[in-house]
Amino acid sequence: MYAIETKKLTKVFKDKTAVNNIDLNIKKGEIFALLGTNGAGKTTMIKMLSTLILPSSGSIKINGLDIVKNKQKIKEIINISPQETSIALNLSVRENLEFMAGVYQIKNKEEKINELIKTFKLEKVLNQKAKTLSGGWQRKVSIAISLINNPEILFLDEPTLGLDVIARKELWKIIEELRGKITIILTTHYMQEAESLSDRVGIISNGSLIRVGTAKELIKISGEKNFEDAFVSLATGGKL
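**Remarks on the overall build of the protein chain**
The helix and strand tally for the protein chain stands at nine helices and ten strands. Compactness check: the protein chain gives a C-alpha radius of gyration of 18 Å against a globular reference of 18 Å for 240 residues, within 12% of the reference. In terms of its C-alpha atoms, the protein chain occupies a principal-axis envelope of roughly 50 × 45 × 35 Å. For the protein chain, the proportion of its 240 residues judged to be buried stands at 50%. The contacts of the protein chain with a sequence gap of at least 6 include a subset with a gap of at least 24, amounting to 64%. For the protein chain, the accessible area works out to roughly 12200 Å², and carbon and sulfur atoms hold 49% of it. Charge centroids of the protein chain, computed over 36 positive and 27 negative side chains, lie 3 Å from each other.

Here is the structure:
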């Protein structure tokens, strides 16, 4: 059984087709990068896969559950770390973790919080209000919070946007350690990030899924020498 399975997935907004007839299978435990230029349809795709909006037509199954019939059950096994850092700025880091643990009614609350503190190395900022943290620390806390409910599927939307190179590398290490434990769908504009982290990559252009494969496969298909050039070539149809 796939973690995510879509068939003829389509989303239309008035006279614009944002996602067009997409068939996609994502394996359990893999890190899958969904790439596309601005306006390509990847944000709409993520919103549908994470239950935020419903498709106009087609189907989505999450761990075998239909997204229309089993929306609530699906919400219990997924989480999302959005591009906009989603933390309560007037609460401390610990208070943020405790609050979200309460929202999700985590049974082993303290154990889970301590696990996340250790994984994300949050000890030295635990008692700081979130608004006093750097952008990098806020991002780490936001992603830690998205793991509070032990999701089976995690959506990471531009997880390292605006981070310096050291903070980015630290976050890459954490994401790599999750490989095989949970399914991760990653969106990013950093081609090195997609190439380094993902097991497979899907490229969306003008609402359609153009190609799916490993970074090496996509480089070979495109005839280019590196992954960034391969993405540009495939996403633009070689017109750039």
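**Structural notes on the sheet that holds strand β8 (residues 183-187)**
Read across the sheet, six strands follow the order β6-β7-β8-β3-β9-β10 without closing on themselves; strand pairing throughout is mixed. The outermost strands of the open sheet, each flanked by one partner alone, are β6 (78-81) and β10 (208-213). Taken pair by pair, the neighbouring strands of this sheet meet at an average axis angle of 20°, ignoring direction. Sheet analysis places β6 next to strand β7 (residues 153-157), joined by four bridges and oriented parallel. Along β7, the bridge assignment pairs Ile80 with Phe155.

**Quick look at helix α6 (residues 165-177)**
Compared with the 18 Å implied by 1.5 Å per residue over 13 residues, the 19 Å span of α6 between its first and last C-alpha is a close match. All of the buried residues in α6 are Ala167, Arg168, Leu171, Trp172, Ile174 and Ile175. Down the axis of α6, the buried set is contained in an arc of 165°. They therefore lie on one face. Residues of α6 that are exposed and point over 90 degrees away from its buried face: Val165 and Ile166. Its buried side turned inward, α6 meets β3 (31-35), α4 (109-119), α5 (135-146), β7, β8 and α7 (191-197). Looking at where α6 begins, the residue whose side-chain oxygen comes 3.0 Å from the main-chain nitrogen of Ile166 is Asp164.

**Let's talk about the environment of Pro55**
Structurally, the position occupied by Pro55 is in the loop between α1 (42-49) and β4 (57-62). Under the relative-accessibility criterion, Pro55 is labelled buried at 17%. For the pair Pro55 and Pro82, spaced 27 residues apart in sequence, the C-alpha separation works out to 20 Å. What Pro55 contacts, discounting residues up to four positions off in sequence, is Leu9, Thr10, Lys11, Met48 and Ile60.

**Focus: the packing of helix α8 (residues 215-222) against helix α9 (residues 227-236)**
Relative orientation of the contacting elements α8 and α9 amounts to 60°, with a least axis distance of 9 Å. By the angle class used here, α8 and α9 are oblique. Between α8 and α9 lies a crossing of left-handed hand. Only Phe227, Ala230, Ser233 and Leu234 of α9 make contact with α8, whose side of the interface consists of Ala215, Leu218, Ile219, Ile221 and Ser222.

Conventions and cut-offs
Residues numbered from 1 in each chain as written. Predicted model: local features only at pLDDT ≥ 70, side-chain atom pairs only at ≥ 80, totals over all residues. Heavy atoms only, no water. Helix = DSSP H or I, 4+ residues; strand = E, 2+ residues; numbered from the N terminus. Rg over C-alpha atoms; globule rule 2.2 N^0.38 Å. Buried < 20%, exposed > 50% of the residue type's maximum accessible area, 1.4 Å probe, protein only. Contact = heavy atoms within 4.5 Å. Areas by Shrake-Rupley, 256 points an atom, 1.4 Å probe, with all protein chains shown as cover. Lys, Arg positive; Asp, Glu negative; His and termini not counted. Charge placed at Lys NZ, Arg CZ, Asp CG, Glu CD. Pairing = 2+ DSSP bridges. Axes fitted to C-alpha atoms, helices over the stretch in contact; angles between N-to-C directions. Expected span 1.5 Å × (residues − 1). Arc of directions from axis to C-beta. Polar contact = N/O pair within 3.5 Å; in protein donor to acceptor, adjacent residues only side chain to side chain. Parallel < 35°, antiparallel > 145°, perpendicular 65-115°, else oblique. Left-handed = near helix turned anticlockwise from the far one by under 90°.

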